[in-house]
Amino acid sequence: MSDGFFKSRWVESPAGVEELDPAQLAPGFRAGTAHCGLKGGGKTDVGLLVCDAEGVVSSILLTRNGSAAAPVRVCRKRCERGAIRAVVVNAGNANAETGERGYADAVAMCDEAAGQLGLRPETVAVAETGVIGVPLPIDEVLAGIGAAAKALSPDGGSDFADAILTTDRWPKRCTVRAGGVTLSAQAKGGGMIQPNMATMLCFVQTDAALDDPEAALRAATEASFERITVDGQMSTNDTILLQATGAAGAPLPAGLLEAVLLQLAIEVVADGEGSTRVGRAQVEGAASPGEAERVARAIANSPLVKTALFGRDPNWGRIAQAAGMALAGEDLEEIGAEGIDATELGADVAEAEIGLRLDRGEHAAHVWFSDLGYEYVRINAEYTT
């Protein structure tokens, strides 16, 4: 396994990529953080990220959860999604299920950030993560936004990555350069992870020229954050933001954005609440793309498969059961041991490949997932107490 950013066996580092200090944001971007009391121990919990280029282009992807949090609803209704200059983030409070007050608080965060930065509110996005159902201490948060604005720096990438964490054990961030362009990114995960997309936030900045940022972000997300699960739960707060200035005068090298988002997504799974291992459920020979994905997700979300991954138990029968459950009502022959590769389920490897062959067609799909152990139960049993 590599010691650099591109660590996973499933991620191919693009040719000619140079890894830089993740504190260093892509040219034209600054970040600042502050502590306002949402997290204990004086940890930073408010972050601002701003693009200094007026001609920035952007794309933002938001959760499809029907009970979306206030910041998601604010972004849907107010943001000029193709021209977002800045984002304000808090960690420790999701501002979800907080009613009219929650919506007003998310608007107030946008307005305060806009005022501090001299921007129109419609060009400022808001993202929040943390506990659900608790009103924000909005005065403290607004004061934190002011403090974060005073701390803005081109070298604020690592601080920003730290500020957005909740139950994460480590920050997920990078800055890379290739083909004459620079790309920086910061993400957080934890629990409540299942597309679309996860209890996750991800922010990407680049000086590359992008003709269609939405298409680029959707394609890269489909192959990464839309292919992961920790606990099968769809979050109320998922947000991914891509901003590009075009100042480098060159396009993103082929595969760069995809590789960065895939590595970040796998890190989110590896750092799932209580997680100790990552698995990839690879399904082949399905009758349709939908069937392949349905079976792969059934395997990845099976508590029995996930606990076998945790215990290094090569119990292939659990994989067969999960696949059969996904195909309930179908005329399916027994899968049998010969159609399943569970060797790495029981092996002493951090990243385990699990294979299933259905012999029903030519379609395939895969999903990355975490194991399920004692610590996940402890964290979520005590989350608000």
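Look up: the structure comes first, before these words.
These numbers come from a predicted model, not from an experiment. (Residues numbered from 1 in each chain as written. Predicted model: local features only at pLDDT ≥ 70, side-chain atom pairs only at ≥ 80, totals over all residues. Heavy atoms only, no water.)

Chemist: Could you give me a rundown of the environment of Gly 355, with the residues and numbers involved?
Modeler: Along the chain, Gly 355 turns up in strand E14 (residues 351-357). In this structure the C-alpha to C-alpha distance between Gly 355 and Leu 217, which are 138 residues apart in sequence, comes to 28 Å. Setting aside residues up to four positions removed in sequence, Gly 355 forms contacts with Gln 282, Gly 339, Ile 340 and Asp 341. (Helix = DSSP H or I, 4+ residues; strand = E, 2+ residues; numbered from the N terminus. Contact = heavy atoms within 4.5 Å.)

Chemist: If you had to explain the nonpolar core to someone new, which residues and values would you point to?
Modeler: In this structure, Leu 48 and Phe 203 are the most contacted members of the largest nonpolar core, which totals 50 residues. It is helix H2 (residues 99-117) that contributes the most residues to this core, 7 residues altogether. Contact partners of Phe 203, with chain neighbours within four places excluded, come to Leu 49, Val 87, Val 89, Ala 127, Phe 160, Ile 164, Ser 184, Ala 185, Gln 186 and Leu 241. In this structure, Val 17, Val 176, Leu 217 and Ala 265 belong to the second largest nonpolar core, which totals 40 residues. (Core = buried A, V, L, I, M, F, W, Y, C linked by side-chain atoms within 4.5 Å. Buried < 20%, exposed > 50% of the residue type's maximum accessible area, 1.4 Å probe, protein only.)

Chemist: Can you break down the packing of aromatic side chains residue by residue, with the values?
Modeler: Under the criterion given, the structure shown has 4 aromatic pairs. An angle of 75 degrees between the planes, with centres 5.5 Å apart, marks the rings of Phe 160 and Phe 203 as edge-to-face. Of this pair, Phe 160 sits in helix H4 (residues 157-163) while Phe 203 sits in strand E9 (residues 201-206); the two residues are 43 residues apart in sequence, bridging distant segments of the chain. Residue Phe 160 is classed as buried on the basis of its relative accessible area, which comes to 0%. (Phe/Tyr/Trp six-rings, centres within 6.5 Å; stacked < 30°, edge-to-face > 60°.)

Chemist: Go over helix H3 (residues 138-150), please, and point to the residues and values.
Modeler: Taking 1.5 Å per residue as the helical rise, H3 with its 13 residues ought to reach 18 Å, and the 19 Å between its terminal C-alpha atoms agrees with that figure. The complete set of buried residues in H3 reads Ile 138, Val 141, Gly 144, Ile 145, Gly 146, Ala 148 and Ala 149. Where H3 is buried, its residues contact strand E2 (29-34), strand E3 (46-51), strand E5 (86-93) and H2. (Expected span 1.5 Å × (residues − 1).)

Chemist: Which residues make up the side chain of Ser 158, and what values do they have?
Modeler: Structurally, the position occupied by Ser 158 is in helix H4. What makes Ser 158 buried here is its relative accessible area of 14%. Each residue touching Ser 158, except ones within four places of it in the same chain, is listed here: Pro 22, Ala 23 and Arg 173.

Chemist: Can you explain the sheet that holds strand E11 (residues 239-244)? Please cite residues and give values.
Modeler: What links the strands of a sheet is backbone hydrogen bonding, and the strands pair in either a parallel or an antiparallel sense. Read from one edge of the open sheet, 6 strands run E1-E7-E8-E9-E11-E4, paired in mixed fashion. For this open sheet the edge positions go to strand E1 (18-20) and strand E4 (57-62), each flanked by a neighbour on one side alone. Between one strand and the next, the sheet's axes are offset by a mean angle of 15 degrees, whatever the strand orientation. For E4 and E11, the ladder comprises 6 bridges, and the chain directions are antiparallel. Along E11, the bridge assignment pairs Ile 60 with Leu 241. Where helix H5 (residues 213-222) meets the sheet, it contacts E4 and E11, and its direction lies at approximately 40 degrees from that of E4. (Pairing = 2+ DSSP bridges. Axes fitted to C-alpha atoms, helices over the stretch in contact; angles between N-to-C directions.)

Chemist: Go over the pattern of salt bridges with me, naming the residues and quoting the values.
Modeler: As enumerated under the stated definition, the model contains 21 salt bridges in all. Note that Arg 120 and Glu 122 form a salt bridge whose closest N and O atoms lie 3.7 Å from each other. Residue class for Glu 122 comes out partly exposed when judged on its relative accessible area of 31%. In this structure, Asp 271 and Lys 172 form a salt bridge, with 2.4 Å as the shortest nitrogen-oxygen distance. Note that Asp 271 is positioned in the loop between helix H6 (256-270) and strand E12 (278-286) and Lys 172 in strand E7 (residues 172-178), a separation of 99 residues in sequence. Judged on exposure class, the residue Asp 271 and its partner Lys 172 are both buried. (Salt bridge = Lys/Arg side-chain N within 4 Å of Asp/Glu carboxyl O.)

Chemist: Break down the sheet that holds E5 for me, with residues and values.
Modeler: The strand order across the open sheet built from 4 strands is E2-E3-E5-E6, with neighbouring strands paired in mixed fashion. The sheet terminates laterally at E2 and strand E6 (124-131), the two strands that pair on one side only. Neighbour-to-neighbour, the strand axes of this sheet turn through a mean angle of 15 degrees, independent of strand direction. Note: E3 against E5, 5 bridges, orientation antiparallel. Residue pairing for E5: Val 50 is matched across the bridge by Ala 86. Docked against the sheet, H2 engages E3, E5 and E6, running at close to 130 degrees with respect to E6.

Chemist: I'd like a rundown of the pairing of E2, residues and numbers included.
Modeler: Where burial is concerned, most of E2 is hidden: 5 out of the 6 residues are buried. With 6 bridges joining them, E2 and E3 adopt antiparallel strand pairing. Opposite Phe 29, over in E3, you have Cys 51 as the bridge partner.

Chemist: Outline the environment of Ser 288, supporting the account with residue identities and numerical values.
Modeler: Along the chain, Ser 288 falls in the loop between E12 and helix H7 (289-301). In the structure, Ser 288 is positioned 75 residues away from His 363 in sequence and 5.6 Å away in space, judged by C-alpha atoms.

Chemist: Explain the environment of Val 126 to me, using residue names and the numbers behind them.
Modeler: Counting through the fold element by element, Val 126 comes out in strand E6. Sequence separation of Val 126 and Ala 178 is 52 residues, and the distance between their C-alpha atoms is 30 Å. What Val 126 contacts, discounting residues up to four positions off in sequence, is Pro 71, Val 74, Cys 75, Val 87, Val 88, Ala 106, Met 109 and Cys 110.

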